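Given next are the chains, with one letter for each unit.
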There are 2 protein chains.
Amino acid sequence: MKVILVVGDGMADRPLKELEGKTPLEAAETPNLDALAEAGVCGLMDIISPGRPPGSDVANLALLGYDPLESYRGRGALEALGAGIDVKIGDVAFRGNFSHVEGDKVVDRRAGRINGLIFKDYLSNVSLPSHPEVDVTVLPTLDHRLTVVLRGRDLSWKVSDTDPHKDGVSVVRSKPLDDSKEAKYTADIVNELQSVLRDLMRRSPLNSQRLKEGLPPANAVLLRGAGEPPAIAAPLTKMYGIKGACVAVTPTVRGACRSAGFDLYDAPGATGGADTDAISKAKKVLEILPKYEVIYLHVKGTDNASHDGNPSLKMSVIEKIDGMVGHLMENANLGETYIAVTADHTTSCSARDHRGDPVPVAIYGPEIRSDAVASFSERSCAYGGLGRIRGKELMPILLDLLGKAKLFGS
Amino acid sequence: MKVILVVGDGMADRPLKELEGKTPLEAAETPNLDALAEAGVCGLMDIISPGRPPGSDVANLALLGYDPLESYRGRGALEALGAGIDVKIGDVAFRGNFSHVEGDKVVDRRAGRINGLIFKDYLSNVSLPSHPEVDVTVLPTLDHRLTVVLRGRDLSWKVSDTDPHKDGVSVVRSKPLDDSKEAKYTADIVNELQSVLRDLMRRSPLNSQRLKEGLPPANAVLLRGAGEPPAIAAPLTKMYGIKGACVAVTPTVRGACRSAGFDLYDAPGATGGADTDAISKAKKVLEILPKYEVIYLHVKGTDNASHDGNPSLKMSVIEKIDGMVGHLMENANLGETYIAVTADHTTSCSARDHRGDPVPVAIYGPEIRSDAVASFSERSCAYGGLGRIRGKELMPILLDLLGKAKLFGS
């Protein structure tokens, strides 16, 4: 028995005026999602608790069966794990941008959306003169983004960003976010790293080259989102004795899955945007399905469209997800495969941000207690046989359907 | 965006023989509540947890978004806050009655429902000879009621009442309710206060006057409901960066709202009884609505009628609440206002007491995911899109609808 968990990022929404009071999920053409809901069991799910909007990091931990209130330790380490770095408990990791700074002022946080991979070798051996006891890893990832990992004793993730999160203002100093000496020590390290990277980037010949070409130099690195790996007793795969895989582009999602012990896969043409090749993702899932019990299949484009306040673009990505699910239903062995569909949070096209409304969830498969719900949406699923559950409860339900849940008691 | 939360005290009930198996909410004429339910999203709500009847103090804390299991510290401080005293963490407050006592026996706990305000000045400077380190405030409130606040170090609210809660029996001594030395110390103080007040009241010229007039003297004070302010990290208004207001008569409700950082308002003609002017309350809400994000609008009469076992009186108060909600729906700007209606608990007209059944809840407003429920009642709302939620979850849901909820994670 296997399960494919399909997650549409920010796919749930609120009724929208532009859609005559429908949500994008209600307005889109979704014959396959509706068929899955009709044959399956549906419900509403509060990713954390009613009315509490989750970030992507927190939401994906919950969908992987972890309680984010207990396990969440910031986003940085999830990103670094997703980027392929072997982050360990005790390490502190950051997300970062290659940025263009003049004096102390941020001119462009993304340095003209520079492709930072050109600095990969140049930054492969960064060290801190005043803190030689700390190992530093700097890894450019996608476009202007990078990830930084600090390894050493007595580090804390309770430190603030050096990224002011907008252009035209000063770079900020990292500050301890609690009273511990570990946080103070780590903030000092981050501030030294900030100035070491500033010097290195200023002196980079690649930046001299960019200046000659009239391009904005990436002469600073701005850090944000300090984090340790999630505080979990064991990866999900170990806890349940299963093999898991993740088909996703988004680094945080890949990192969350990796922390759960999942193998990470790419699919050709999958971009993380509205132009993604969702059928290619379905094909990748079908290709690797024989080797795994649980596959986490994530599509990002719905969230981006919501943050852009674009309901029709969101509908088109939802229709791609529908096609992807249709491809899975047609080609997977449905006698031994469960398919679950949900969203990691509500992203409101009108607010252009995450909201705390519950998300719909549908589970279809061989031994499911089907209900009367006949379509997949925020409102229809409220009448489903699952009732209203929590995000962290979905994975245990799925693993129990596979017969992998352990008896409590005797 | 704004929200008006309408709370009918003890408005929910069980099916009653006298009403041919209907609840008072089902039997009453409630066109406005039904219209609100039809256009909105409905559900059932366990104020604490299924089958656990809450007191008014606990219930209102839950509706304000606090977990009563963590934050509740007795009723006394809520009453004192509601009476306008600036009770602080560490203070211990009591509810009290002016009572008529002969020897040690309670003749009339309410001393003929005396208006205790006549003793206000006389009791404005009470002190304890054996415990001069403790400051005492005695404030007569409504009718025969008063509130008492002790301020000092090492006080505990874990002490029992001196009020025996019925006539014809002896005044009781306050006892520590746990093994702490703070509770023992506080019980000693309460017992000294009891005797100091007894002496003061005996010697009051106002009581000599009452005796001359053939009226029962208020020659003792009986104390009950020791409490500290709720143990909350911060007032709701600070936690969410909002302004809140309370339109209510009941001291406990006003105190709970004040502890949440809400401003307190009166409405002309609002009495806390079945004769209350509910339209006046609606008008007050509309008057102050421009200044606030959240308004807590409480009507008490439904609970009193239930405790009196009077379903038809309860129905008449429910119909007043219906008219009040109708006035709000007609006159508020519904493009930017959410209106939620619920009860703080079930009060059974047949048991004449609180019960642990869930209460109905309906939320109506601009971006609500409406459901198929078309009337507002204990049974119809069980089929609503909210499913079954907890009391402490309602306020986060409402604040999230306003866009005031903070993201957890990033």
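Throughout what follows, the structure given in this document is the object of discussion. Owing to the predicted nature of the structure, the values given are computational and were not obtained by experimental measurement.

Criteria and thresholds
Residues numbered from 1 in each chain as written. Chains lettered and ligands numbered in written order. Predicted model: local features only at pLDDT ≥ 70, side-chain atom pairs only at ≥ 80, totals over all residues. Heavy atoms only, no water. Helix = DSSP H or I, 4+ residues; strand = E, 2+ residues; numbered from the N terminus. Rg over C-alpha atoms; globule rule 2.2 N^0.38 Å. Buried < 20%, exposed > 50% of the residue type's maximum accessible area, 1.4 Å probe, protein only. Contact = heavy atoms within 4.5 Å. Areas by Shrake-Rupley, 256 points an atom, 1.4 Å probe, with all protein chains shown as cover. Lys, Arg positive; Asp, Glu negative; His and termini not counted. Charge placed at Lys NZ, Arg CZ, Asp CG, Glu CD. Salt bridge = Lys/Arg side-chain N within 4 Å of Asp/Glu carboxyl O. Buried area = accessible area lost by both parts, 1.4 Å probe. Polar contact = N/O pair within 3.5 Å; in protein donor to acceptor, adjacent residues only side chain to side chain. Least-squares fit on C-alpha atoms with pLDDT ≥ 70 in both. Arc of directions from axis to C-beta. Pairing = 2+ DSSP bridges. Axes fitted to C-alpha atoms, helices over the stretch in contact; angles between N-to-C directions. Parallel < 35°, antiparallel > 145°, perpendicular 65-115°, else oblique. Nonpolar A, V, L, I, M, F, W, Y, C, P; charged D, E, K, R; others polar.

1. Describing the overall build of chain A
On a plain count of helices and strands, chain A comes out with 13 helices and 15 strands. Taken over C-alpha atoms, the radius of gyration comes to 22 Å for chain A, in line with the 22 Å a tight globule of 410 residues would show. With respect to the three principal axes, the spread of C-alpha positions in chain A is 65 × 55 × 40 Å. By residue count, 59% of the 410 residues in chain A fall in the buried class. Long-range pairs, those at least 24 residues apart, make up 74% of the contacts in chain A with a sequence separation of at least 6. Put simply, chain A shows about 16,100 Å² of open surface, and 48% of that area lies on carbon and sulfur atoms. Taken together, the 49 basic and 54 acidic charged side chains of chain A have centroids lying 4 Å from each other.

2. Digging into the side chain of Lys281 of chain B
Residues and elements named next belong to chain B. By the element assignment, Lys281 lies in helix H10 (residues 278-288). Although Lys281 is buried, it makes no salt bridge; Asp266 carries the closest opposite charge, 8.9 Å away. In contact with Lys281, not counting residues within four places along its chain, are Val247, Ala248, Val249, Ala267, Ala270, Leu297, His298, Val299 and Met324.

3. Points about the interface of chain A and chain B
Listed per partner, the contact involves 34 residues of chain A and 24 residues of chain B. Carbon and sulfur atoms supply 48% of the area that chain A and chain B bury against each other, a total of about 2,200 Å² over both sides. Put simply, chain A and chain B have three salt bridges between them. Of the charged contacts, one joins Glu367 of chain B and Arg14 of chain A as a salt bridge, the two residues approaching to 3.6 Å between their closest N and O atoms. Our count for the contact surface shared by chain A and chain B stands at 17 residue pairs in polar contact (both at pLDDT 80 or more).

4. Remarks on the relation of the copies chain A and chain B
For the pair chain A and chain B, the superposition axis carries a translation of 0.3 Å, the fit reaches an RMSD of 0.1 Å, and the rotation angle comes to 120°. Here the symmetry operator amounts to a three-fold rotation axis. Considering only C-alpha atoms, the part of chain A nearest the rotation axis is Gly387 of chain A, at 3.9 Å.

5. Here's the deal with helix H13 (residues 391-401) of chain A
All names here are of chain A. Of the positions making up H13, those classed as buried are Gly391, Leu394, Met395, Leu398 and Leu399. Seen from one end, H13 has its buried residues packed into an arc of 125°, which puts them on one side. Of the residues trailing H13, Gly403 is marked for its positive phi of about 80°.

6. A word on the pairing of strand S5 (residues 135-140) of chain A
All names here are of chain A. The pairing of S5 with strand S6 (residues 145-151) spans six bridges and is classified as antiparallel. Bridging from a neighbouring strand, Leu139 pairs with Thr147 of S6. In textbook terms, the turn of a hairpin is the stretch between consecutive antiparallel strands, and for S5 and S6 this stretch comprises four residues, one of which, Asp143, has a positive phi near 55°.

7. Observations regarding the environment of Arg388 of chain B
Residues and elements named next belong to chain B. With respect to the secondary-structure elements, Arg388 resides in strand S15 (residues 387-390). Along the primary structure Arg388 and Val361 are separated by 27 residues, whereas in three dimensions their C-alpha atoms are 9.6 Å apart. With sequence-adjacent residues up to four places away left out, Arg388 is seen in contact with Leu44, Asp46, Pro50 and Pro358. A polar side-chain atom of Arg388 sits 2.6 Å from a polar atom in the side chain of Asp46.

8. Details of the pattern of salt bridges
Side chains that carry opposite charge are capable of pairing whenever their charged atoms lie near each other. Tallying each qualifying case throughout the model produces 40 salt bridges over all chains. The residue Asp400 of chain B makes a salt bridge to Arg14 of chain A at a minimum N-O spacing of 3.2 Å. Linking Asp400 of chain B in helix H13 (residues 391-401) with Arg14 of chain A in the loop between strand S1 (2-8) and helix H1 (24-27), this pair reaches from one chain into another. Judged by relative accessible area, which is 3%, Asp400 of chain B ranks as buried. A salt bridge links Arg75 of chain B to Glu79 of chain B; the shortest N-O distance between them is 3.1 Å. Residues joined by salt bridges that share partners form a network here, namely Arg14 and Asp357 of chain A together with Glu367 and Asp400 of chain B.

9. Section: the packing of helix H2 (residues 31-39) of chain B against helix H12 (residues 311-331) of chain B
Residue and element names in this part refer to chain B. Viewed as axis vectors pointing N to C, H2 and H12 meet at an angle of 55°, and their least axial separation amounts to 7 Å. One way to sum up the angle between H2 and H12 is to call them oblique. Between H2, through Pro31, Asn32, Leu33 and Leu36, and H12, the contact on the second element is made entirely by Asp322, Gly323, Val325, Gly326 and Met329. Its residues assigned to classes, the contact of H2 with H12 shows five nonpolar, three polar and one charged.

Honestly, that's just the spatial picture; any functional story needs more than this.
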